[in-house]
Every structure is written in C-alpha cells, then in structure tokens.
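What follows is each chain in one-letter form.
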Amino acid sequence: MFFYNGTLQDFSTIELSITDPALLYGATVFTTLRVYEQSLDSPLTGWRAHCRRLKSSLEPFQWPEPDWERVREGAELMMAWWPVLRIAIFPDGRELILGRILPQELAIRQEVGVKAWVAADSLFMRSLPTHKTGNYLSSWLALQAAQREGCQEAILVDGQGNWLETSTGNLWGWREGRWWTPPIEVGILPGVMRSQLLNCLDAQGHPAILEPWTADVVSGFEALAYSNSVVEVIPIAEVFSENQTRLYPSSHHGFSQLRQLFL
C-alpha cells in the first residue's frame, strides 16, 4: 500500500515512464518521519520541520512545490497503518508516500548500541550532501559494506578523513561535559532530529559544540551516538577503522539526557 499522486493504492509496484528523471537520475527529494501520538501535529513528529526540509531542496532545485494539502492527506491516510512514513517529491510536484514499521531491534540498539565501520573510500562520499535526494547510492553502498564487516552502521568521511555523519543519521560525541556534532558547513545533511536536539540543548542552556570532527577531536570523545527521526538516539559502542577498534560506553548519562530533552 502506498499513496501516489493523490491516490491511495493497494499495490506493491508503481508505474513510471522510462524517461522519468526519478528513474533515470534519482531525481526526487524525500524525508522520513516517525508519527508520534498518532498525530502529524505532535511536536515530536515534527511535521512542519519535515515539510521545511523538502522545501529547502525544492527551491534551489527550482522544482514546483507539491499540493501540500494533498501530501498531508496522504500522510494521514498512511499513518493509520504505518508509524514511519517516507515522503518523496518528484520534479513535477508528484508525491509518493511509503510506510514501514519501526526497526525490530530498535529497543535493543538504544540500550546496547551498535557497531560502526568508518567508510573511508571516496566511493562512499555523498553528492549534494546537504540535500536528501533519491540519489542515495553512496550511503547505501557504505551501509552494505559496513554490514559485510559485521557492523550495523557506517561513518562517512571527507577527503581529509574527518568524520561527517553516518549512512542514516547525524553524529554526536560527548567530551568535556558537552555534546559535539559536526556543523552543516562541512557537508552533512541537516537532519530534522539533529535540529530538534540542538534546539533542546540550547533551551536548556547546554548548547552543543559545532566543530569539524578531525582526528584530534574524535580521539577525545568519551561516548558516541547517532540520531535520526526514526530511531531517535542510538549509542555507538564500537568503531572499526583501518584494522583498529575503539570501544565506547553504551550507557553514558549523556544518552539519557538527549532522549529526555527530545521526549
């Protein structure tokens, strides 16, 4: 079941023209949200923030905006079956809304953390990194490579080896009594959950440190985590890179601070 171009369809396939830019070039922008309290208007759902994310890519791409009322109508229909919605917008304004369940091991990962692999090859560098487009191949390849190494996440890096983000979310590190996260300017996706957490930290008088994650910065972290709008905050318990392994605690008090601020 999915919602496409104004219609709820009970199929598992979609028909596209062989000349559709979405098919040929991955020409879509998308956002993925988790519906809380069975409401798009719940502050935790962040509906407006996700719509702003889509608009922030549509405008520079010079694509027309979709019928936002129809997009919301589709989301409300889909959330009756699915807690997680993926909303994609095509270059001509068509919308495609897919649904899925929460990850089955989410509670376990929130508690014990995950293993992450540093994807240092240039093959895994994202194009248009500040936009969430349908051309997500590099991140997908990085995640596949990480899974072959026995890990659940991949850490993407720039040409100098600085850490940027994970294949599915934004990075957080704890050192010197504060949370750190890479700034947008280094070429990362401005995640909706990242923005929500930054706002929460600012409101509590504990603003995060926005600095590039050089090797010196990374070496000083006491704890690591990543975030996105579906999984909230997940500890990173182990990091594999260049035949080396770094261990981090999965029960650091900073993790509960981030979750409590958000929830």
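Residues numbered from 1 in each chain as written. Predicted model: local features only at pLDDT ≥ 70, side-chain atom pairs only at ≥ 80, totals over all residues. Heavy atoms only, no water.

> I'd like to hear about a nonpolar patch on the surface, residue by residue, with values.
On the surface, a nonpolar cluster with roughly 350 Å² of combined accessible area is contributed by Met1, Leu8, Leu77 and Trp81. For Leu8, a relative accessible area of 33% puts it in the partly exposed group. (Patch = residues over 30% accessible without salt bridge, like charges linked within 9 Å, V, L, I, M, F, W, Y side chains within 5 Å. Areas by Shrake-Rupley, 256 points an atom, 1.4 Å probe, with all protein chains shown as cover. Salt bridge = Lys/Arg side-chain N within 4 Å of Asp/Glu carboxyl O. Buried < 20%, exposed > 50% of the residue type's maximum accessible area, 1.4 Å probe, protein only.)

> Describe the sheet that holds strand E1 (residues 2–4), with residues and values.
Read from one edge to the other, the open sheet built from five strands follows the order E2-E1-E5-E4-E3, with strand pairing classed as antiparallel. Both outer strands of the open sheet, strand E2 (7–9) and strand E3 (29–34), are each paired with one neighbouring strand and no more. The mean angle between the axes of side-by-side strands here comes to 20°, regardless of whether they run parallel or antiparallel. In this sheet, strand E5 (residues 95–100) lies alongside E1 in antiparallel orientation, the contact comprising two bridges. Note on E5: the bridge partner recorded for Phe3 is Ile97. Packed on one face of the sheet, helix H2 (residues 47–61) meets E3 and strand E4 (84–89) and runs near 175° to E3. Contacting E1, E2, E4 and E5, helix H3 (residues 68–78) runs over the sheet at an angle of about 20° to E5. (Pairing = 2+ DSSP bridges. Helix = DSSP H or I, 4+ residues; strand = E, 2+ residues; numbered from the N terminus. Axes fitted to C-alpha atoms, helices over the stretch in contact; angles between N-to-C directions. Contact = heavy atoms within 4.5 Å.)

> Explain empty space enclosed by the protein residue by residue, including any values.
If you walk through the whole model with that rule in mind, you get one cavity of 30 Å³ or more. Taken as a whole, the largest cavity spans an internal volume of roughly 30 Å³. Residues belonging to the lining of the largest cavity are distributed by class as follows: four nonpolar, four polar and one charged. (1 Å grid on protein atoms, 1.4 Å probe; cavity = no way out; pocket = protein on both sides within 12 Å on 5 of 7 lines; lining within 4 Å. Points joined across faces, edges and corners; volume = space filled by probe spheres on them. Nonpolar A, V, L, I, M, F, W, Y, C, P; charged D, E, K, R; others polar.)

> Can you break down the nonpolar core residue by residue, with the values?
With 22 residues, the main nonpolar core has Ile155, Trp163, Trp213, Phe221, Leu224, Ile236 and Val239 as its most contacted residues. Those elements that place two or more of their residues in this core are strand E6 (114–119), strand E7 (153–157), helix H7 (215–219), strand E12 (223–228) and strand E13 (232–241). Ignoring any residue separated from it by four or fewer positions in sequence, one finds Ile155 in contact with Ala116, Trp117, Val118, Ala119, Trp163, Glu165, Thr166, Leu171 and Val239. (Core = buried A, V, L, I, M, F, W, Y, C linked by side-chain atoms within 4.5 Å.)

> Give a detailed account of helix H5 (residues 137–148), specifying residues and quantitative values.
Look at H5: 17 Å from first C-alpha to last across 12 residues, which is about the 16 Å you get at 1.5 Å a residue. Regarding H5, the residues found buried are Ser138, Ser139, Ala142, Leu143, Ala145 and Ala146. Projection of H5 onto a plane perpendicular to its axis shows the buried side chains occupying an angular sector of 160°, all on one side. Residues of H5 that are buried in the fold lie against E6 and E7. (Expected span 1.5 Å × (residues − 1). Arc of directions from axis to C-beta.)

> Give me the lowdown on unusual backbone geometry, citing residues and values where you can.
In this structure, Gln38 takes a positive phi of about 55° despite not being glycine. Position of Gln38 relative to the elements: it lies in the loop between E3 and H2. Using a relative accessible area of 54% as the deciding quantity, one classes Gln38 as exposed. With a phi close to 65°, Glu232 is a non-glycine residue in the positive phi region. Within the secondary structure layout, Glu232 lies in strand E13.

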